[in-house]
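Residue-level structure breakdown
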Amino acid sequence: MGLTIGKISRLSGVPIDTIRFYEKNGLIPPPQRRDSGYRDYDRGTVSRLLFIKKAKELGFTLSEIREILDLRTLPGESCVQVQSLAEQKIRSVQDKIRSLEEIHLALKRLLEECHHHPSPSLCPILDYLEAPEKPHPA
């Protein structure tokens, strides 16, 4: 007898709704069904859920994770392809970091304007947010 969805949820730390979502979207194989209709998962599902969880922690999207899971079954070239995906992910993360740094700088400048603004009744941040098509102060 296999494992119930509650058991694999506890073992993997993945919520039941997420497990169902992964199953529906082909990230985990559909389990066998008991006569009662309950799902009956094997231990390999726990490993696969942990794999997905770790890949998500590294920033991979579900689409990218599906691709990586597919590559696991290909001998030889899979490592090169996974490395390529990791390099793409690094570039994406670097772009996000640059974007977040720009946002950080813009917010700091807006706060500086608040501290140096002559009238406490006016708010430079609200003025910026309400202004049409005004570029951020980065």
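The notes below deal with the structure included here. Quantities reported herein were computed from a predicted structural model and do not represent experimental measurements.

On to the overall build of the protein chain, then. The helix and strand inventory of the protein chain stands at six helices and two strands. Starting at the N terminus and walking to the C terminus, you meet the elements of the protein chain as α-α-β-β-α-α-α-α. Split into buried and exposed, the 138 residues of the protein chain put 24% on the buried side. The long-range fraction of contacts in the protein chain, counting pairs at least 24 apart against all pairs at least 6 apart in sequence, stands at 48%. For the protein chain, the accessible surface area stands at approximately 10,000 Å², while carbon and sulfur atoms represent 56% of it. Counting 21 positive and 19 negative side-chain charges, the protein chain places the averaged centre of each group 9 Å from the other.

As a further point, take helix H4 (residues 62–71). Here H4 has its buried residues at Ile65, Ile68, Leu69 and Leu71. Taken around the axis of H4, the buried residues stretch over an arc of 160 degrees, which confines them to a single face. Residues of H4 that are buried in the fold lie against helix H3 (43–57) and helix H5 (78–116).

So, on to the environment of Leu50. By secondary structure assignment, the location of Leu50 is in helix H3. Separated by 12 residues in sequence, Leu50 and Tyr38 place their C-alpha atoms 22 Å apart.

What follows concerns the state of the cysteines. Applying the stated criterion to the full structure yields zero disulfides. Cysteine Cys114 shares no disulfide, and the gap to the nearest cysteine sulfur, in Cys123, comes to 4.5 Å.

A contiguous patch of negative charge, built from Glu112, Glu113, Asp127 and Glu130, is present on the exposed surface. Mapped by element, the contributors of at least two residues to the negative patch are H5 and helix H6 (124–130). Structurally, Glu112 is set in helix H5. For Glu112, a relative accessible area of 46% translates into the label partly exposed.

Applying the stated criterion across every chain yields a total of one aromatic pair. The ring of Phe51 carries the charged tip of Arg72 above its face, separated from the ring centre by 4.7 Å.

Let us look at the packing of helix H1 (residues 5–12) against helix H2 (residues 16–24). Two elements in contact, H1 and H2, have axes separated by 9 Å at closest approach and are oriented at 105 degrees. By the angle between their directions, the pair H1 and H2 is classed as roughly perpendicular. In this structure, H1 contributes Ile5, Gly6, Ile8 and Ser9 to the contact, and H2 contributes Ile16, Ile19 and Arg20. Taken together, the residues that form the contact of H1 with H2 break down as four nonpolar, two polar and one charged.

What follows is about a nonpolar patch on the surface. A contiguous nonpolar surface patch, about 290 Å² in accessible area, is contributed by Leu100, Ile103 and Leu107. By the secondary structure assignment, Leu100 is in helix H5. Judged by relative accessible area, which is 56%, Leu100 ranks as exposed.

Here we come to the side chain of Ser9. In this structure, Ser9 sits in helix H1. Here the side chain of Ser9 touches Val14 through a polar contact of 2.7 Å, landing on its backbone oxygen. Beyond its immediate chain neighbours, meaning those up to four positions away, Ser9 contacts Val14, Pro15, Ile16 and Ile19.

Conventions used here
- In this numbering scheme, every chain counts its residues from 1 along its sequence in written order.
- Two thresholds apply to this predicted model, a pLDDT of at least 70 for residue-level local features and 80 or more for giving and counting side-chain atom pairs, whereas whole-chain, interface and lining totals are computed over all residues.
- The basis for every side-chain value is the complete set of non-hydrogen atoms in the structure, without hydrogens or water.
- By the criteria applied, helices consist of DSSP H or I runs no shorter than four residues and strands consist of E runs no shorter than two, each listed in order from the N terminus.
- Note on exposure labels: buried denotes an accessible area under 20% of the residue type's maximum, exposed denotes more than 50%, and partly exposed covers the range between, all computed with a 1.4 Å probe on protein chains only.
- The criterion used for residue contact is that any of the two residues' heavy atoms lie within 4.5 Å.
- Note on areas: Shrake-Rupley, 1.4 Å probe, and residue coverage restricted to the protein chains presented here.
- In this charge count, Lys and Arg are treated as positive and Asp and Glu as negative; neither His nor the chain ends contribute.
- To locate a charge, take NZ of a lysine, CZ of an arginine, CG of an aspartate or CD of a glutamate.
- The arc under discussion is defined with respect to the helix axis, by the directions toward the C-beta atoms.
- Disulfides are defined as pairs of cysteine sulfur atoms found within 2.5 Å of each other.
- A residue counts toward a patch only above 30% relative accessible area and without a salt bridge, and it is joined to like-charged neighbours within 9 Å or, for Val, Leu, Ile, Met, Phe, Trp and Tyr, to nonpolar neighbours within 5 Å.
- What counts as a salt bridge is simple: a side-chain nitrogen of Lys or Arg found within 4 Å of a carboxyl oxygen of Asp or Glu.
- Ring pairs shown here join Phe, Tyr and Trp side chains whose ring centres sit within 6.5 Å, with only the six-membered ring taken for Trp; geometry is labelled stacked below 30 degrees between planes, edge-to-face above 60, and tilted in between.
- By definition, being over a ring means that NZ of Lys or CZ of Arg is both within 6 Å of the ring centre and within 35 degrees of the ring normal.
- Note on method: axes are straight lines fitted to C-alpha atoms, helices fitted across the in-contact stretch only, with angles between N-to-C directions ranging 0 to 180 degrees.
- Between 65 and 115 degrees an angle is taken as roughly perpendicular, under 35 as roughly parallel, over 145 as roughly antiparallel, and anywhere else as oblique.
- We call Asp, Glu, Lys and Arg charged. Ala, Val, Leu, Ile, Met, Phe, Trp, Tyr, Cys and Pro are nonpolar, and the rest, Gly among them, are polar.
- Two N or O atoms form a polar contact when they lie within 3.5 Å of each other; inside protein one atom must be a possible hydrogen donor and the other a possible acceptor, and for residues adjacent in sequence the pair counts only when both atoms belong to side chains.

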